[in-house]
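Given next are the chains, with one letter for each unit.
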Amino acid sequence: MKRIIRTATIAVILLLLPFMANAKGTRMLSDLSKLPDVESVYISQAAFRLTGNADIMGMDPSVLKNIRSMEILETSNATSRQAMEKKAGELMERLGLEVLVEAKDKEDITVVYGKVPETDSGSGLVESVLILTGDSKESTLIFIDGKININDITNAVNKKEK
């Protein structure tokens, strides 16, 4: 289970890194990126538009067009980790996110939160995905603002692994 979550998370990050750009947009975690020992990546909506109709990992290009932004933060600083966890809790409450997947392995834990429309009937759509992962020494917080079709991402990851 942990391998699947990590593979999916890494696939999304690797998928998007080549298309990073610095553009204005709504940043939900910008205050955290200024904390001590926090490494951060912000990918704007403009960067997602750069993908155009490119076939990335066999994924339908429209998948990326529905993403408004993505922020990735990582730290091993204890004070910054606490601030990241607090902000994650605030986002979960404010956006109405619920646990989608939780995986634990020894000290490692990964929790994926998202907002699934109440009228969803197996469409695989999720909004505002928040991924919190870490162990006793390091934490990573990933926030994806937009609509994502989980079925498309799963298919792309499966295709990549073959």
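Everything that follows concerns the structure shown earlier in this document.
Analysis parameters
Residues numbered from 1 in each chain as written. Predicted model: local features only at pLDDT ≥ 70, side-chain atom pairs only at ≥ 80, totals over all residues. Heavy atoms only, no water. Pairing = 2+ DSSP bridges. Helix = DSSP H or I, 4+ residues; strand = E, 2+ residues; numbered from the N terminus. Axes fitted to C-alpha atoms, helices over the stretch in contact; angles between N-to-C directions. Contact = heavy atoms within 4.5 Å. Salt bridge = Lys/Arg side-chain N within 4 Å of Asp/Glu carboxyl O. Buried < 20%, exposed > 50% of the residue type's maximum accessible area, 1.4 Å probe, protein only. Expected span 1.5 Å × (residues − 1). Arc of directions from axis to C-beta. Polar contact = N/O pair within 3.5 Å; in protein donor to acceptor, adjacent residues only side chain to side chain.

A. Summary view of the sheet that holds strand β5 (residues 125-134). Across the sheet, which stays open at both edges, the six strands sit in the order β1-β2-β6-β5-β4-β3 with antiparallel pairing between neighbours. Of all strands in the sheet, those bounded by a partner on one side alone are β1 (38-43) and β3 (98-105). The mean angle between the axes of side-by-side strands here comes to 10 degrees, regardless of whether they run parallel or antiparallel. Of the strand pairs in this sheet, β1 and strand β2 (residues 67-75) are connected by six bridges, and their pairing is antiparallel. Bridging from a neighbouring strand, I43 pairs with M70 of β2. Where helix α4 (residues 78-95) meets the sheet, it contacts β1, β2, β4 (108-115), β5 and β6 (139-149), and its direction lies at approximately 25 degrees from that of β6.

B. Molecular detail of the pattern of salt bridges. One pass over the full model with this rule turns up two salt bridges. Residues D145 and R68 are paired through a salt bridge, measuring 2.9 Å at the closest nitrogen-oxygen approach. Of the two residues, D145 sits in strand β6 while R68 sits in strand β2, which places them 77 residues apart along the sequence. Classification of D145 as buried rests on a relative accessible area of 14%. For R68, a relative accessible area of 38% puts it in the partly exposed group. When the shortest N-O distance is used, the salt bridge between E102 and K104 registers 3.6 Å.

C. Region of interest: α4. For α4, with 18 residues, the first-to-last C-alpha span of 26 Å sits near the 26 Å given by 1.5 Å per residue. Of all the positions in α4, only S80, R81, M84, K87, A88, L91 and M92 are classed as buried. All buried residues of α4 fall inside an arc of 140 degrees around its axis, so they share one side. Exposed side chains of α4 directed beyond 90 degrees from the buried face belong to A78, T79, Q82, K86, E93 and R94. Contacts made by the buried residues of α4 are with β1, β2, β4, β5 and β6. Where α4 begins, the side chain of N77 points an oxygen toward the backbone nitrogen of T79, at a separation of 2.9 Å. Within two residues after α4, G96 carries a phi angle of roughly 70 degrees, on the positive side.

D. Structural view of the side chain of T75. Relative to the elements of secondary structure, T75 occurs in strand β2. Residue classification places T75 among the buried residues on the basis of a relative accessible area of 2%. Here D37 takes part through its backbone oxygen, which lies 2.8 Å from a polar atom of the side chain of T75. For T75, the side chain forms a polar contact with the main-chain nitrogen of N77, separated by 3.0 Å. In this structure T75 touches P36, D37, V38, S80, R81, M84, K137, E138 and S139, once residues within four positions along its chain are discounted.

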